[in-house]
Structures are given as structure tokens and as C-alpha cells.
2 protein chains.
Amino acid sequence: MYNHSPNGYTCPICLGVKGVESNETLICKSDIVFKDDLVTAFIGSFFIEGNHGSVIIVPNEHFENIYDLPNKYAHRIAEIAQKAARAVRKTYPSDGITILQNNESDANQHAFHYHLHVFPRYKSDRFFEQLLKTQKSTPEERQQYADKVKKELSTA
Amino acid sequence: MYNHSPNGYTCPICLGVKGVESNETLICKSDIVFKDDLVTAFIGSFFIEGNHGSVIIVPNEHFENIYDLPNKYAHRIAEIAQKAARAVRKTYPSDGITILQNNESDANQHAFHYHLHVFPRYKSDRFFEQLLKTQKSTPEERQQYADKVKKELSTA
């Protein structure tokens, strides 16, 4: 419903979920902080100035957006979003959490596979001003965030 | 966990859920588009220029933020968010949907009762620039949006 992915779209998120590391996906195996039979969570590649290290949660099966997402995935994503929010809040540590999920091109959805962002927030950050001015990070830059979230999720 | 509501806080969202109309809550009965034993959905009072008529979904029981929200509420909120997203997309109609949920003062949470926003998005809107510059709407301005969402949710 209301899909925008072009014909023959190679989904970068499906590749990442499968553990493929290539030029077509920005997701590395070392970015992944959680995976079960329904969902995968990883540190997002694009960093916002002042709010580095967001966690992205996706269904393992391909659905483009919220309109078509089956409840079993939506429920599990909500559960992992809470765990990721607690982990980021405690270990980064951040001063708050913003959950964001965009649907369709005109709502700033760029990767056409449902994904929910768990962003760290900080006092006096300029988050919403900076949100669309992202910079591609390196796997090394993401590692410290992945380590913190992974460790916390494994003990929570 | 990580709560910011002051001692003796009168929760405006709890009042709205109970159907109280007073100066302490901005929610009117006519704003409510859905209610069951777990959650309530209503048209938000604060309008963003270019993106009027967001749907807000809340748990009927008081929890300040995502950290403490029990799964039964999180699951039902996810289900109603999807239905509200489809209804807004189709009936306003909008060009996309953004889901947003802020936790704690430093993440721009103002009402200290968990609430998830379902925003209509439009081509070339300046949504993230406008997001924090909201204006209080009148019940009459909200009515057209409430009517559309309510009608669609009752037939979906």
C-alpha cells in the first residue's frame, strides 16, 4: 500500500538482515545489536550531529512501511524499541529518547523497508534542526555504540 | 523510571481519557476518535503549520514514558497507530505519515503521560523545521479531522 520502491529494488535492509556486507547495504555485521526470528536491531549508519548512535529496528521480512506491517512484527518492534530506549538512555548515557518512524518519500523515508529509529536526545541539542543533515559514519565510529547497546540488551 | 512530572502533577491526558473537559486539559470529548479498554486516540490540540490534525494515541492508564510502558499497552498502541496512519493517509488525504514519540523534557516531551503522534506529511512540507513551533487550535478546527479519522476507523 502506497509503495515507492522502484522495480527491481535491491533492499539494503534485507541484505543487512541476512548478514550480507556489500556496497549495496551500509549495514555491517558489527552494527547489529539484537536479532531474533522476527526483528533485527542495529546502529544506523547516518549520524546526526550531536545525536550519534541511533538504534534502528526492522522486521526481518520485507514490508515497505507501517501500512502493511503485520501485528506480530509491530508488537515485537515495540518491545525491542523499549529495551533499546532503556539501553541507550542508561549506557550512552543520554538525557532522553525520541522514537521516529517515517513512511513514504514525502515523509523523508529513504530506505524502502519499514524501520523505526530510537534516537538518543541531549539537553539543548538541536535535534529536529539537524535531523535531515546526516553524515555517513564509519563502522569504527559505530562500534562503541553497538558495544554499549549489545551489552545492555544481553543483561536486561 | 526517569520521570519529570512535578509532585502533585494533574495529568491533562488522564483527564482527557476520563472525558473531563476543563481548563486543566486541552482534550475535548469531540477530539476523541477511538477508545477501548486499553488506549484512547484523539486529535492533538497543537497544530503544526502545514501539518494540521495529528492523531495522538495514549494508554488509558498513567505511564509517563516508554521506559515503563507495559507490553499490552505498547502492542495495542502499535495496532491503533497503524489504523490511524492508514485513516489519515487516505482521508485527509496526506502524502505520507510520520510517527513520533518523545520521552523526557530534554527530548521535547511536554505532557508527562506517554503519547505517540501520528502526523500527516505532505510533499515539500517543512515538517521538522515547523515541529516545535506549534499553535493551539480550537475544538472547531479539530472537528473536521476527528470526523474523518473516526469515520474511517469505524469502517476499517
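Refer to the structure above for everything that follows.
The model shown is predicted, which means the values in this text are computed figures rather than measured ones. (Residues numbered from 1 in each chain as written. Chains lettered and ligands numbered in written order. Predicted model: local features only at pLDDT ≥ 70, side-chain atom pairs only at ≥ 80, totals over all residues. Heavy atoms only, no water.)

(A) Broad picture of the overall build of chain A. Counting its regular elements, chain A contains four helices and seven strands. For chain A, the succession of helices and strands along the chain, N to C, is α-β-β-β-β-α-β-β-α-β-α. A compact globule built from 156 residues would reach a C-alpha radius of gyration of about 15 Å, and chain A, at 15 Å, matches this within 12%. With the C-alpha coordinates of chain A rotated into their principal frame, the extents come out at 40 × 35 × 30 Å. With 156 residues in all, chain A has 58% of them scored as buried. Here the contacts in chain A between residues at least 6 apart in sequence split such that 62% fall between residues at least 24 apart. As displayed, chain A has an accessible area near 7,000 Å², and 49% of this comes from carbon and sulfur atoms. (Helix = DSSP H or I, 4+ residues; strand = E, 2+ residues; numbered from the N terminus. Rg over C-alpha atoms; globule rule 2.2 N^0.38 Å. Buried < 20%, exposed > 50% of the residue type's maximum accessible area, 1.4 Å probe, protein only. Contact = heavy atoms within 4.5 Å. Areas by Shrake-Rupley, 256 points an atom, 1.4 Å probe, with all protein chains shown as cover.)

(B) Broad picture of the pattern of salt bridges. All names here are of chain A. Across all of its chains, the model carries 14 salt bridges over all chains by this definition. With a closest N to O distance of 2.7 Å, Asp36 and Arg76 form a salt bridge. Separated by 40 residues along the polypeptide, Asp36 in the loop between β1 (32-35) and β2 (39-43) and Arg76 in helix α2 (residues 71-91) bring together distant segments of the chain. If you follow the salt bridges from partner to partner, you end up with Asp36, Arg76 and Glu79 in one network. (Salt bridge = Lys/Arg side-chain N within 4 Å of Asp/Glu carboxyl O.)

(C) Up close: the environment of Met1(A). Of note, Met1(A) is situated in the segment before α1 (12-18). Placed 116 residues apart in sequence, Met1(A) and His117(A) show a C-alpha to C-alpha distance of 21 Å. When residues no more than four places from it in sequence are discounted, the contact partners of Met1(A) are Asn65(A), Tyr67(A), Asp68(A) and Arg86(B).

(D) The arrangement of the relation of the copies chain A and chain B in detail. Note on the identical chains: chain A maps onto chain B by a rotation of 180 degrees and an axial translation of 0.0 Å, with an RMSD of 0.0 Å. The transformation relating the two chain copies, once decomposed into turn and shift, fits a two-fold axis. By residue overlap, the copies meet face to face through one surface: 100% of the interface positions of chain A are interface positions in chain B. (Least-squares fit on C-alpha atoms with pLDDT ≥ 70 in both.)

(E) Summary view of the interface of chain A and chain B. Contact with chain A, which involves 37 residues of that partner, is made by 37 residues of chain B. Surface buried jointly by chain A and chain B totals about 3,100 Å² across both partners, of which 53% is contributed by carbon and sulfur atoms. For the chain A face of the interface with chain B, the top three residues by lost area are Tyr67(A), Asp106(A) and Phe128(A), together amounting to 21%. At the junction of chain A and chain B, the tally comes to two salt bridges. Linking Arg89(B) and Glu104(A) is a salt bridge whose minimum nitrogen-to-oxygen distance equals 2.5 Å. For the pair chain A and chain B, the interface holds 22 residue pairs in polar contact (both at pLDDT 80 or more). Mapped by element, the contributors of at least two residues to the side of chain A that touches chain B are α2 and β5 (96-103) of chain A. In terms of residue count, α2(A) provides more of the side of chain A that touches chain B than any other element does, 11 residues in total. (Buried area = accessible area lost by both parts, 1.4 Å probe. Polar contact = N/O pair within 3.5 Å; in protein donor to acceptor, adjacent residues only side chain to side chain.)

(F) Highlighting the nonpolar core. Membership of the largest hydrophobic core comes to 64 residues, with the highest contact counts inside it found for Val55(A), Ile57(A), Val118(A), Val55(B), Ile57(B) and Val118(B). Leave out the neighbours within four places in its chain, and Val118(A) touches Ser54(A), Val55(A), Ile57(A), Ala81(A), Ala84(A), Ala85(A), Ile97(A), Thr98(A) and Ile99(A). One finds Ile48(B), Leu100(B), Phe119(B) and Phe128(B) within the second-largest nonpolar core, a separate group that totals 12 residues. (Core = buried A, V, L, I, M, F, W, Y, C linked by side-chain atoms within 4.5 Å.)

(G) Here's a closer look at the pairing of β2(A). All names here are of chain A. For β2, the tally of buried residues reaches five of five residues, placing the bulk of the element in the interior. Going residue by residue along β2, you find Val39, Ala41 and Ile43 tucked away on one face and Thr40 and Phe42 tucked away on the opposite face as well. With three bridges joining them, β1 and β2 adopt antiparallel strand pairing. Bridging from a neighbouring strand, Ile32 pairs with Phe42 of β2. Here β1 folds back onto β2 in antiparallel fashion, the turn holding three residues. (Pairing = 2+ DSSP bridges.)

(H) View of unusual backbone geometry. All names here are of chain A. For the bond from Tyr92 to Pro93, the omega torsion is -25 degrees, close enough to zero to count as cis. Locating Pro93 in the fold gives a position in the loop between α2 and β5. Even without a glycine there, the phi angle at Tyr2 is positive, about 55 degrees. Tracing the backbone shows Tyr2 in the segment before α1. With relative accessibility at 30%, the residue Tyr2 sits in the partly exposed group.

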